[in-house]
Amino acid sequence: MPGGQPDVLVTDHLEPRVRIPADMLRSVIAAAEIGLLLGLAMLAGATATGVDVDFVGASERLPAAVLHFIQLAGDLALPILPLALAVRLVVRGQFRRLSEAVVTGGLTVGVVTLINIGLSLAPMSHLHSALHTVTAAGPAEAALDGYLAGLVAYVTVIGLRGYAHWRPAFLTGIGLYGLANLAQGRSTVFSFLIAVLTGSAIGSGLRYAFGTISGRPGALLIAHALNSGQERIVAMRRIGNGSSEVRRYSATLSDGRLLDVTVFDRDQQAADAFYRLYRRIRVRASVSRSAPLTLEGAVERQALLMYATEDAGVRTPRLHAVTKVGPDAAAFAIHHVDGMTLGECGEHTTDDQLREVWDTVLRLHEHRVTHRALTADRILFAPPGNSDGHFTGPADADPVVLLDPGNGDVAASDLQIRLDLAQLIAETALIVGPERAASVAIEKAGNAELPALVPLLQPVVLYRSTRSELRGRKDLLPALRKGLAEAAPDVEVPPVQLERIRPRAVITLVAGVFAAYLLATQLANVSFSKLLAHANLAWSFVALALSATTYLGATWSITGFTLERLDWVRTLIAQVAGSFVILVTPAAVGGVALNVRYLRRAKLSAADAAATVTASQVTAFLVYVVLVLISVAVTGQSHAAKALRPHEWEYIALSILAASALVVLAVPAGRRQVRRRLGSAFSQVVPRLLDLAQTRGKLVEGIGGTALISVAYILCLAASIRAVGVSHVPLASVTVVFLTANAVGSVVPIPGGIGAIETAMSLGLTAAGMPGGSAITAVLLFRTFTFWLPAPAGWLALHHLQRTGAL
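Remember, predicted model here, so these are calculated numbers, not experimental data. (Residues numbered from 1 in each chain as written. Predicted model: local features only at pLDDT ≥ 70, side-chain atom pairs only at ≥ 80, totals over all residues. Heavy atoms only, no water.)

Structural notes on the sheet that holds strand 7 (residues 319-324)
Backbone-to-backbone hydrogen bonds pair the strands of a sheet. The strands run either parallel or antiparallel.
Line of reasoning, step 1. Strand order in the open sheet formed by 6 strands is 1-4-5-6-8-7, and the pairing between neighbours is mixed. The outermost strands of the open sheet, each flanked by one partner alone, are strand 1 (9-11) and strand 7. The average angle at which neighbouring strand axes cross in this sheet is 20°, direction not considered.
Line of reasoning, step 2. Looking at chain direction, strand 6 (residues 258-265) and strand 8 (residues 329-335) are connected through 7 bridges and run antiparallel. Bridge pairing in strand 8 places Leu259 opposite His335.
Line of reasoning, step 3. Strand contacts of helix 11 (residues 295-311): strand 6, strand 7 and strand 8, with the helix running at about 20° to strand 8, the strand carrying the most contacts. (Pairing = 2+ DSSP bridges. Helix = DSSP H or I, 4+ residues; strand = E, 2+ residues; numbered from the N terminus. Axes fitted to C-alpha atoms, helices over the stretch in contact; angles between N-to-C directions. Contact = heavy atoms within 4.5 Å.)

Structure below.
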């Protein structure tokens, strides 16, 4: 060996071919860009054609010598570049890479030829025209340049990394070729860009699918790079299955000590890029940190967090060396630590050990440093002391060693510290159960910190492996939250917004667009000027007054089911504020959350606030059922029964719902869910109603207020119908229509049921005998009085309550 170095015993299984995540990323991005360009070509074809005409006209005004030079350089550049690259590969003996590049280029030419054949078909004539040149003779002309796409794919497979002067030469050649084709009218801007992106997408995709020849440094080169002074590596052994983003080795020094070596390869820096992008979009930056995009950044971050952990007095393996291994890899070596991880201890982990883990993590947090990956395999129990030099920290340090601190934060915020604690609680609960984990957390965190931790116990904020394990134990986090909340029952749990975009919000957006489309189709043929000209203003004012009455009923519903004394005016303001809240949340969610928060601010305990709101909701449901039975019975005896008779599809839908309910009740798990949900509701409602029964005035006030809400809404709809000049629709039919539409609006996940309620009401009133235009106008008047007009007042009420501390 050079320099008289001893031989290194190597046990390595370096992969001959590797899949580079960046290739997949480039392929997907290129495909997305192709789709975008095709859409632009379809939508802005006239603009693109004008650009092409202007470009051709501008080229004609260039001096003939310049134009001739551009055309000659473009025609010569593309044949010369691939030949030069081929010669270079032959000289270096990389025959396999050359053959792969040639085959990929040929396949790309074939794919583009098939695309051109497809574009020449009659159904694709519009797209063909958008991509074709303005001087083309006919639709049989090729729209995309197959040779250009094949060349890009060829160069993509070869790869120009490490070729200092080849990349500028290739880009210059492509640019000259494109300018020459555009000047001669042989291609358009869109067709040129799509051809380049097609070659890039196919080349990158095939390169990722079949892998590329590995240029990674082996274990021997890594060992030589880590050697320094008298500390030399005599053995290197690959550990792990090779499926992670980094390579790991166990190294033995000449004095017998062991090192844990982590190798970062540049070609793996884009691993999990789509997952990280998804996390960045879905959750806030404080929850999901962005990974370093460069090899140097990843290594520097690991070293920084290790030194920060050491400085906090927390035991962590001592850093041995950090070094570059060639241009595309870096090695990170730490001293090996013997011991048992928390995962290896499993359920035999004692409460004293859990307390030691908490003490270590809290000591780390005192220095505003977090770990952010406190999983069972990164928490190690090792013998105390540092006489062997394996650790840093005080000599009498606790036996807990934190491994791999490189995911953490320095100068961490309060939220990032609480997220670290939430991860610790969830991970320990997976090991020892939620009861023991909650007990130790209550002891160590204290009642003052617990309310801030409870809302953070949700899968979206936890480490990836922890989330995977929780999928099979869905009852663990609820049990944890319940155990922690019971330790401080009278402390309000503050809401925390951790997600930027929720899946429910996406569903809501899609449903809202669909509902708006349905509503727009109904409004297309309606002449509102004629209908509003015949509207009755007296009935309109009646409808507006009845809409205001619903807020009185909502106020009595809350004050009636609350044993404690509430400020009646402030409660009324809170109900008005609900008219704005349902603009941004589904009605069944926003109103409940607002009332619970208002009652908690009014000094009610969490249990009493939930019992009051639940009693109001259950009573509203019972009132709803009674009104449905009465109205259906009355309607069934009237001449409108035939008009409101359900359609065949409605019977089918009801049959499907009934069958689904029977299936749920037939399965033991389904019965347990129903029993749990109903049991929870009735366990809160029954005691509350029994207490209210002793003060009958309160009970009457609560039930009466709840009934007044539905009755006022029904009469408001009836007054809106009268306001458009229709008087023949019976009140019982109006009741059925309102209750049905209200049920539809409560089911769909759309704020305020926008679109769904209007559609259901319009169809119902039309079935009851109203003209289509009058039905739509009546529904819009009703929704204006009950939904849109109160919204500004609701915003002012919400602002007032927040400013005064009532929310």
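So that's the structure; there's more coming.
Points about a nonpolar patch on the surface
Line of reasoning, step 1. Side chains of Leu537, Phe541, Leu544 and Leu789 sit close together on the surface and give an oily, nonpolar patch of about 420 Å² of accessible area.
Line of reasoning, step 2. Summarising the element assignment, Leu537 is placed in helix 21 (residues 537-560).
Line of reasoning, step 3. Look at Leu537 and you get exposed, because its relative accessible area is 60%. (Patch = residues over 30% accessible without salt bridge, like charges linked within 9 Å, V, L, I, M, F, W, Y side chains within 5 Å. Areas by Shrake-Rupley, 256 points an atom, 1.4 Å probe, with all protein chains shown as cover. Salt bridge = Lys/Arg side-chain N within 4 Å of Asp/Glu carboxyl O. Buried < 20%, exposed > 50% of the residue type's maximum accessible area, 1.4 Å probe, protein only.)

Notes on the sheet that holds strand 9 (residues 340-341)
Line of reasoning, step 1. With respect to topology, 3 strands assemble into an open sheet ordered 9-10-11, the strand pairing being antiparallel. Two strands bound the open sheet, and with one partner strand each, they are strand 9 and strand 11 (400-402).
Line of reasoning, step 2. Of the strand pairs in this sheet, strand 9 and strand 10 (residues 379-381) are connected by 2 bridges, and their pairing is antiparallel. Paired with Thr341 across the strands is Leu380, a residue of strand 10.
Line of reasoning, step 3. Sheet strands touched by helix 13 (residues 351-366): strand 10 and strand 11. Its angle to strand 11, the strand with the most contacts, is close to 50°.

Regarding the nonpolar core
Line of reasoning, step 1. Counting 49 residues, the largest nonpolar core has Trp358, Ile379, Ile425, Leu477, Leu480 and Leu484 as the members making the most contacts within it.
Line of reasoning, step 2. Among the elements that line this core, the one with the most residues is helix 14 (residues 414-432), at 10 residues.
Line of reasoning, step 3. When residues no more than four places from it in sequence are discounted, the contact partners of Ile379 are Met340, Thr341, Leu342, Val357, Leu374, Val400, Val401, Leu402 and Leu424.
Line of reasoning, step 4. Core analysis: the next-biggest nonpolar cluster, separate from the first, contains 30 residues, Leu717, Leu739, Ile757 and Phe782 among them. (Core = buried A, V, L, I, M, F, W, Y, C linked by side-chain atoms within 4.5 Å.)

Focus on the packing of aromatic side chains
Line of reasoning, step 1. Within this structure, the stated rule accounts for 4 aromatic pairs.
Line of reasoning, step 2. Arranged with centres 6.2 Å apart and planes meeting at 45°, the rings of Trp556 and Trp568 form a pair that is tilted. With Trp556 in helix 21 and Trp568 in helix 22 (residues 568-581), the pair connects residues that are 12 residues apart, well separated along the chain.
Line of reasoning, step 3. With relative accessibility at 31%, the residue Trp556 sits in the partly exposed group.
Line of reasoning, step 4. Ring geometry for Phe738 versus Phe782: centroids 6.2 Å apart, planes at 80°, classification edge-to-face. In this pair, Phe738 is assigned in helix 28 (residues 731-747) and Phe782 in helix 30 (residues 772-788), connecting sequence segments 44 residues apart. The two residues Phe738 and Phe782 agree in class, both being buried.
Line of reasoning, step 5. Through successive ring pairs, a cluster of aromatic residues spans Tyr713, Phe738 and Phe782.
Line of reasoning, step 6. In this structure, Arg19 is placed above the aromatic ring of Tyr208, and the distance from its NZ or CZ to the ring centre is 5.7 Å.
Line of reasoning, step 7. Over the ring of Phe787 we find Arg783; its NZ or CZ atom is 4.5 Å from the centre of that ring. (Phe/Tyr/Trp six-rings, centres within 6.5 Å; stacked < 30°, edge-to-face > 60°. Lys NZ or Arg CZ within 6 Å of the ring centre and 35° of its normal.)

Digging into the pairing of strand 4 (residues 233-239)
Line of reasoning, step 1. Here strand 1 pairs with strand 4 via 3 bridges, running parallel. Along strand 4, the bridge assignment pairs Leu9 with Ala235.
Line of reasoning, step 2. Of the strand pairs in this sheet, strand 4 and strand 5 (residues 247-253) are connected by 6 bridges, and their pairing is antiparallel. What sits directly across from Arg237, in strand 5, is Ser250.

Comments concerning helix 6 (residues 146-158)
Since one α-helical turn is 3.6 residues long, residues separated by three or four positions face the same way.
Line of reasoning, step 1. Between its first and last C-alpha, helix 6 extends 19 Å over 13 residues, near the 18 Å set by a 1.5 Å rise per residue.
Line of reasoning, step 2. Looking only at helix 6, the buried set comprises Gly146, Leu148, Ala149, Gly150, Leu151, Val152, Ala153, Tyr154, Val155, Thr156, Val157 and Ile158.
Line of reasoning, step 3. Put simply, Asp145 is the residue that caps the front of helix 6, since its side-chain oxygen is 3.1 Å from the backbone nitrogen of Tyr147.
Line of reasoning, step 4. Once helix 6 ends, the next one or two residues include Gly159, with phi positive near 80°. (Expected span 1.5 Å × (residues − 1). Polar contact = N/O pair within 3.5 Å; in protein donor to acceptor, adjacent residues only side chain to side chain.)

Here we look at the side chain of Ser579
Line of reasoning, step 1. Looking at the secondary structure, you find Ser579 in helix 22.
Line of reasoning, step 2. Side-chain polar atoms of Ser579 contact the backbone oxygen of Pro790, separated by 3.1 Å.
Line of reasoning, step 3. In contact with Ser579, other than residues within four places in its own chain, are Tyr551, Pro790, Ala791 and Gly794.

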